[in-house]
2 protein chains.
Amino acid sequence: MARCCDTKERLIKAAYDLIWESSYGSTSVDHICDRAGVRKGSFYHFFESKSHLALATLDDSWAKKVTRLNEIFSPLAPPAERFEKFAAFVLEHQVEQKERIGYVCGCPLFSLGCEVSTQDDRLRLRVGEILEQHHRYYASAILDASRAGLMDGSQPEETARMLSIYVQGTLTQARISNDLAPVRDLARGMLAILSLRPAAVA
Amino acid sequence: MARCCDTKERLIKAAYDLIWESSYGSTSVDHICDRAGVRKGSFYHFFESKSHLALATLDDSWAKKVTRLNEIFSPLAPPAERFEKFAAFVLEHQVEQKERIGYVCGCPLFSLGCEVSTQDDRLRLRVGEILEQHHRYYASAILDASRAGLMDGSQPEETARMLSIYVQGTLTQARISNDLAPVRDLARGMLAILSLRPAAVA
DNA sequence: AAATTACTTGACCAAACAGTCAAGAGTGCG
DNA sequence: CGCACTCTTGACTGTTTGGTCAAGTAATTT
């Protein structure tokens, strides 16, 4: 049955899902293999260790997400709309996941990063890089908004940082309370942090 | 050597530290016993399981923290000062921990809550309750501030919610970036969210 | 057709794991 | 003193863990 197929992708998908639904520590190589329908020998043919697979899930999920973010944060879209679309995108993801597994799962990136940061520097740094990319999207939209006279853009970096933290906090809060309410308020909260002038929201 | 001493407390302390420094999943009962200098039989004399011990660490640490928070959020203190003292308290804690173990550890409550929420409802709910208590401190200080004419208090609950999320996000961010900078900006960020009128800050 | 390559398989290992238990040992009380 | 209670101990069990490996199988190259 050699040289077949999508074994590697199935492993990445299974690992991503399991870590998101539960946690890195409680997800064993055996669980991942079971869900992927793959024998353990194959696992170690493709990946050195669980940590290496986790890194692969980060790269893979980021590569997929980036095209969507490029759409949402397209410089062609009005700045306020970018944030609204982003919030809608996040909410949609969370609703879907809650319907599928019965729990609000929050952000796989933050959860994994938070869990492993003091134990696995490679994973920690990669998560940090990806979060930094999100920051870039925010900062660029803020600059566009202030250039258009829609908001006070005197501190774009600081404002973008606060947005990052707010999104991060909201998803963690939603996971812990197992409640989508904070995510439903995400758009409003982001716009409040941006202090966009009323005209921009309409 | 029976009927001695502080075995139970040592177990709670060891579990708290280990979970904070690494994570719940990577902390085994054996590790906890080792650090506490206690044999495993004793562990199971006091606690049914690791999950029960984790719950005890939550209760224990919250009981200790609450007296400090009552000081900080004393209705006798000016509202703005309460938030500044709180931010200083958080920073102090994080600096201490980073010096001790070389990593920014973030908040044990958020990290644990985030990690176990989809697997252990008892722990999840307890973490949620404790976070809710923090929210109460914030909301009460906000009401006091608005009553004193220091800020717009039209949405005290919503503002307190944003503060909670911001603090939570900041500590998670600090842990992931292994950098205290976000925590050093905590006071400023909290005051920005509160939009306290300049007079209140001076 | 033969050799190489890329993948799969299932059996295997030692270590770590959560949890149990019977036999003590120190303390306080009658 | 001796009983009862609380705690401690170390040896134990069965399972799960991450990880290895030799043998096989199918496509690809030569």
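Shown above is the structure to which this text applies.
Right, let's walk through the structure included here. Quantities reported herein were computed from a predicted structural model and do not represent experimental measurements.

### Comments concerning the overall build of chain A
Part 1 of the reasoning: Each helix and strand counted, chain A has 11 helices and 0 strands in total.
Part 2 of the reasoning: Ordered by position from N to C terminus, the α and β elements of chain A give α-α-α-α-α-α-α-α-α-α-α.
Part 3 of the reasoning: Here the C-alpha coordinates of chain A stretch approximately 60 × 30 × 30 Å along the principal axes.
Part 4 of the reasoning: Considering only intrachain contacts with a sequence separation of at least 6, the fraction spanning at least 24 residues in chain A is 66%.

### Looking at helix α1 (residues 7–21) of chain B
Residue and element names in this part refer to chain B.
Part 1 of the reasoning: Between the first and last C-alpha of α1 there are 21 Å, a value that for 15 residues agrees with the 21 Å anticipated at 1.5 Å per step.
Part 2 of the reasoning: For α1, the set of buried residues is Leu11, Ile12, Ala14, Ala15, Tyr16, Asp17, Leu18, Ile19 and Trp20.
Part 3 of the reasoning: On its buried face, α1 sits against α2 (29–36), α3 (40–46), α4 (50–72) and α6 (108–116).

### Details of the relation of the copies chain A and chain B
Part 1 of the reasoning: In the superposition of chain A on chain B (RMSD 0.0 Å, axial shift 0.0 Å), the rotation amounts to 180°. Taken together, the rotation and translation describe the operation of a two-fold axis. Taking C-alpha positions as reference, the residue of chain A nearest the rotation axis is Gly169 of chain A, located at 1.9 Å.

### Some words on the packing of helix α4 (residues 50–72) of chain A against helix α7 (residues 121–147) of chain A
Residue and element names in this part refer to chain A.
Part 1 of the reasoning: Running from amino to carboxyl end, α4 crosses α7 at an angle of 10°, the nearest separation of the two axes being 10 Å. On the basis of their axis angle, the class for α4 and α7 is roughly parallel. Facing Ser51, Ala54, Leu55, Leu58, Trp62 and Leu69 of α4, the residues of α7 in contact are Arg122, Leu123, Arg126, Val127, Ile130 and Tyr137.

### Considerations on the packing of helix α7 (residues 121–147) of chain B against helix α8 (residues 156–177) of chain B
Two numbers describe a pair of packed helices, the interaxial angle and the distance between the axes.
All names here are of chain B.
Part 1 of the reasoning: Running from N to C, α7 and α8 point in directions that differ by 130°, and their axes come no closer than 8 Å. Taken together, the axes of α7 and α8 lie oblique to each other. Relative to α8, α7 is oriented so that their crossing is right-handed. Listed contacts from α8 to Leu131, His134, His135, Tyr138, Ala139, Ile142, Leu143 and Ser146 of α7 are Pro156, Glu157, Thr159, Ala160, Arg161, Leu163 and Ser164.
Part 2 of the reasoning: Along the lines of polarity and charge, the residues of the contact of α7 with α8 split into 8 nonpolar, 5 polar and 2 charged.

### With respect to the interface of chain A and chain B
Part 1 of the reasoning: Facing the 35 residues of chain A at the interface are 35 residues of chain B.
Part 2 of the reasoning: Of all the secondary-structure elements, those providing two or more residues to the side of chain A that touches chain B are α6 (108–116), α7 and α8 (156–177) of chain A.
Part 3 of the reasoning: Here the residues of the side of chain A that touches chain B sort into 12 nonpolar, 19 polar and 4 charged.

### Quick word on unusual backbone geometry
Part 1 of the reasoning: One non-glycine residue, Asn178 of chain A, lies in the positive phi region at around 50°.
Part 2 of the reasoning: In this structure, Asn178 of chain A sits in the loop between α8 and α9 (181–184).

### Observations concerning α6 of chain A
Part 1 of the reasoning: Of all 9 residues that make up α6 of chain A, 9 are buried, and the element is covered over most of its length.
Part 2 of the reasoning: Those residues of α6 of chain A lying buried are Pro108, Leu109, Phe110, Ser111, Leu112, Gly113, Cys114, Glu115 and Val116 of chain A.
Part 3 of the reasoning: Taken together, the buried residues of α6 of chain A touch α1 (7–21), α4, α7 and α8 of chain A together with α6 and α8 of chain B.

### Thoughts on the environment of Arg35 of chain A
Residue and element names in this part refer to chain A.
Part 1 of the reasoning: Locating Arg35 in the fold gives a position in helix α2 (residues 29–36).
Part 2 of the reasoning: Residue classification places Arg35 among the partly exposed positions, given that 16 C-beta atoms sit within 10 Å.
Part 3 of the reasoning: In this structure the C-alpha to C-alpha distance between Arg35 and Asp179, which are 144 residues apart in sequence, comes to 27 Å.
Part 4 of the reasoning: The residues contacting Arg35, other than those within four sequence positions of it, are Ala14 and Leu18.

### Brief notes about the environment of Thr172 of chain A
Part 1 of the reasoning: Along the polypeptide, Thr172 of chain A turns up in helix α8.
Part 2 of the reasoning: Distance from Thr172 of chain A to Ser111 of chain A, taken between C-alpha atoms, is 7.5 Å for residues 61 residues apart in sequence.
Part 3 of the reasoning: Thr172 of chain A has contacts with Gly106 and Phe110 of chain A together with Phe110, Cys114, Gln168 and Thr172 of chain B, leaving out every residue within four places of it along the chain.

### Topic: the environment of Ala192 of chain B
Part 1 of the reasoning: With respect to the helices and strands, the residue Ala192 of chain B is situated in helix α10 (residues 186–194).
Part 2 of the reasoning: C-alpha separation for the pair Ala192 of chain B and Ala15 of chain B, spaced 177 residues apart in sequence, amounts to 36 Å.

Criteria and cut-off values
- One numbering rule holds for all chains: residues counted from 1, following each sequence as written.
- The order in which chains are written sets their letters, starting at A; the order in which ligands are written sets their numbers, starting at 1.
- Per-residue local features are limited, in this predicted model, to residues with pLDDT of at least 70; the limit for side-chain atom pairs, both in listing and counting, is 80 or more; totals at the level of whole chains, interfaces and linings are taken over all residues.
- Where helices and strands are cited, they refer to DSSP runs of H or I of at least four residues and of E of at least two residues respectively, numbered from the N terminus.
- Contacts are defined on C-beta atoms placed from the backbone: any two residues whose C-beta positions lie within 7 Å are in contact.
- To estimate how far a helix should reach, multiply one less than its number of residues by 1.5 Å.
- The exposure label follows from counting other C-beta atoms within 10 Å of a residue's C-beta, where the C-beta atoms are placed from the backbone and the thresholds are 20 or more for buried and 12 or fewer for exposed, leaving partly exposed in between.
- The copies were overlaid by least squares, fitting only the C-alpha atoms of residues that reach a pLDDT of 70 or more in each copy.
- Convention adopted: a line fitted to C-alpha atoms gives each axis, helices being fitted over their contacting stretch, and angles between N-to-C directions are expressed from 0 to 180 degrees.
- Oblique is the label for every angle not falling under 35 degrees (roughly parallel), over 145 degrees (roughly antiparallel), or within 65 to 115 degrees (roughly perpendicular).
- Note: crossing handedness is left-handed where the near helix turns anticlockwise from the far helix by less than a right angle, and right-handed where it turns clockwise.
- The residue classification treats Ala, Val, Leu, Ile, Met, Phe, Trp, Tyr, Cys and Pro as nonpolar and Asp, Glu, Lys and Arg as charged. All others, Gly included, are polar.

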